[in-house]
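Structural features, examined
As a plain string of letters, each chain reads:
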Amino acid sequence: MSKSNQPTVDKIREIKDAVAASLWAASEGISYKEAHKIWKAWLAELEVNPEHRGDCTREPQTCLYCLVEEYLEAVDQLLSKLEVVVLDEDQSLPLKVGESIDGERFLSAQEVMLLEDLYKEGRRKVVNPDGTKVEEG
Amino acid sequence: MDKKYLEAAEKAFHLMHPVRLKLAQLLKAKPQSFLQISKELGISRQLTAFHLSYLETDGLLDSKYIILKEPRNDKAGKALRQYSLSIKAIKVVDWIESQLLKLK
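Residues numbered from 1 in each chain as written. Chains lettered and ligands numbered in written order. Predicted model: local features only at pLDDT ≥ 70, side-chain atom pairs only at ≥ 80, totals over all residues. Heavy atoms only, no water.

**Describing the overall build of chain A**
This is how it is decided: Each helix corresponds to a stretch of at least 4 residues labelled H or I by DSSP, and each strand to a stretch of at least 2 residues labelled E; elements are numbered beginning at the N terminus. Working definition of accessibility: Shrake-Rupley area with a 1.4 Å probe, residue cover restricted to the visible protein chains.
Scanning chain A for helices and strands turns up four helices and four strands. Secondary structure of chain A in N-to-C order comes out as α-α-α-β-β-α-β-β. Here chain A has roughly 8,700 Å² of accessible surface; of this, 51% comes from carbon and sulfur atoms.

As structure tokens, then:
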């Protein structure tokens, strides 16, 4: 790995550790802040002594090393899933006149703007399905 | 390790915040309006906007405008923005939920 990549690698490592701590907090139902504090202490301990502990049976319940490894593996899987959430997808509002989901009719951007104008005017008005204004009262 | 992987790590970090994970689970179950989210999570509107903006920026949310149709309601005809999880995000949250049960 080149030297120029090191800050990115370090940052990814740092974030992965934080995500693992969050996963641990969520799975154990413990405080987010407390979990991060404990996780950091565990990592520091493992840095000094990166070995399996006591009566390790290669299960996370019996060994700190295995527990941390298991959560970091889960984070790797989570990251691979999130990699496919592509940002450059069209994320604009899918506003189509007449489109219906659960019985609701969605508005076009033009209709939304028209409605906003109408409400700004402070008068009760509605918009016909064809987008033309209808005034009431 | 590329930029895309770093972005994925940041998204994971954002999503794994306890409030945002609850928010994502809430939207996975049913699309909700801004005020409904705030009420369901029991947090202020400002905080709701703060957490929603993370998920939205990370491309995990979809949103649509709907017209309220309740009869005899003076809110009828009002446009309302409704948030939901994107299909890809639903799969991610499903996976997280299964992992949480497995890791427990």
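Having seen the structure, we can now continue with the description.
**What about the overall build of chain B?**
Which entries qualify depends on this criterion: Type-normalised accessible area, obtained with a 1.4 Å probe on protein chains alone, sets the label of each residue: buried when under 20%, exposed when over 50%, and partly exposed for intermediate values. Any two residues whose heavy atoms approach within 4.5 Å at even a single point are treated as in contact. All tallies of charge rest on Lys and Arg as positive and Asp and Glu as negative; His and the ends of each chain are not included. Note that the charge is assigned to NZ on lysines, CZ on arginines, CG on aspartates and CD on glutamates.
Helix and strand counts for chain B stand at five helices and three strands. Its helices and strands in sequence order give chain B the pattern α-α-β-α-α-β-β-α, from N to C terminus. Overall size of chain B, expressed as C-alpha extent along the three principal axes, is 55 × 30 × 25 Å. Each of the 104 residues in chain B was classed as buried or not, and the buried ones make up 45%. Sequence-distant contacts, at least 24 apart, represent 51% of the contacts inside chain B between residues at least 6 apart. Per element, the accessible surface of chain B, about 5,700 Å² overall, is 54% carbon and sulfur. Across chain B, the 19 positively charged side chains and the 11 negatively charged ones have centroids separated by 5 Å.

**Focus on the nonpolar core**
Inclusion rule: By nonpolar core is meant a set of buried Ala, Val, Leu, Ile, Met, Phe, Trp, Tyr and Cys residues that side-chain atoms within 4.5 Å join together.
The biggest cluster of nonpolar side chains holds 49 residues, and the ones touching the most others in it are Leu23(A), Trp39(A), Val68(A), Tyr71(A), Leu78(A), Leu27(B) and Ile96(B). Broken down by secondary-structure element, the contributors of at least two residues to this core are helix H1 (6-28), helix H2 (32-48) and helix H3 (64-83) of chain A together with helix H1 (3-15), helix H2 (18-29), helix H4 (45-57), strand S3 (79-85) and helix H5 (87-103) of chain B. The element contributing the most residues to this core is H3(A), with 10 residues. Ignoring sequence-local partners within four residues, the contact set of Ile96(B) consists of Leu78(A), Leu15(B), Met16(B) and Leu21(B).

**Considerations on the packing of H2(B) against H5(B)**
Residues and elements named next belong to chain B. How we decide: To define axes, lines are fitted to C-alpha atoms, for helices over the stretch in contact only, and angles between the resulting N-to-C directions are given on a 0 to 180 degree scale. What makes a crossing left-handed is the near helix being turned counterclockwise from the far one by less than a right angle; a clockwise turn instead makes it right-handed.
Running from N to C, H2 and H5 point in directions that differ by 115 degrees, and their axes come no closer than 10 Å. Here the hand of the crossing between H2 and H5 comes out left-handed. Only Ile 90, Val 93, Asp 94, Ile 96, Glu 97 and Leu 100 of H5 make contact with H2, whose side of the interface consists of Leu 21, Ala 24, Gln 25 and Lys 28.

**Let's talk about the packing of aromatic side chains**
Residues and elements named next belong to chain A. Put simply, the test is: In this analysis, rings of Phe, Tyr and Trp, with Trp reduced to its six-membered ring, are considered paired at centre separations within 6.5 Å, and the interplanar angle assigns stacked below 30 degrees, edge-to-face beyond 60, and tilted for intermediate values.
Here the structure, examined in full by the defined rule, presents five aromatic pairs over all chains. When the ring of Trp 39 is compared with that of Trp 42, the centres are 5.8 Å apart and the planes differ by 55 degrees; the resulting orientation is tilted. Of this pair, Trp 39 and Trp 42 both sit in helix H2, separated by three residues, roughly a single helical turn. Each of the two residues, Trp 39 as well as Trp 42, counts as buried. These aromatic residues form a ring-pair network of at least three members: Trp 24, Trp 39, Trp 42 and Tyr 71.

**Observations regarding the sheet that holds S3(B)**
Residues and elements named next belong to chain B. This is how the line gets drawn: A pair of strands is considered paired only if DSSP assigns at least 2 bridges between the two.
The antiparallel open sheet is built from three strands, whose spatial order is S1-S3-S2. Across the chains shown, the open sheet's two edge strands, defined by having one partner strand only, are strand S1 (32-33) and strand S2 (61-67). Alignment of S2 against S3, held across seven bridges, turns out to be antiparallel. Bridged to Ile 67 within S3 is Ala 79. Of the strands in this sheet, S1, S2 and S3 are in contact with H2, which crosses S3 at around 105 degrees.

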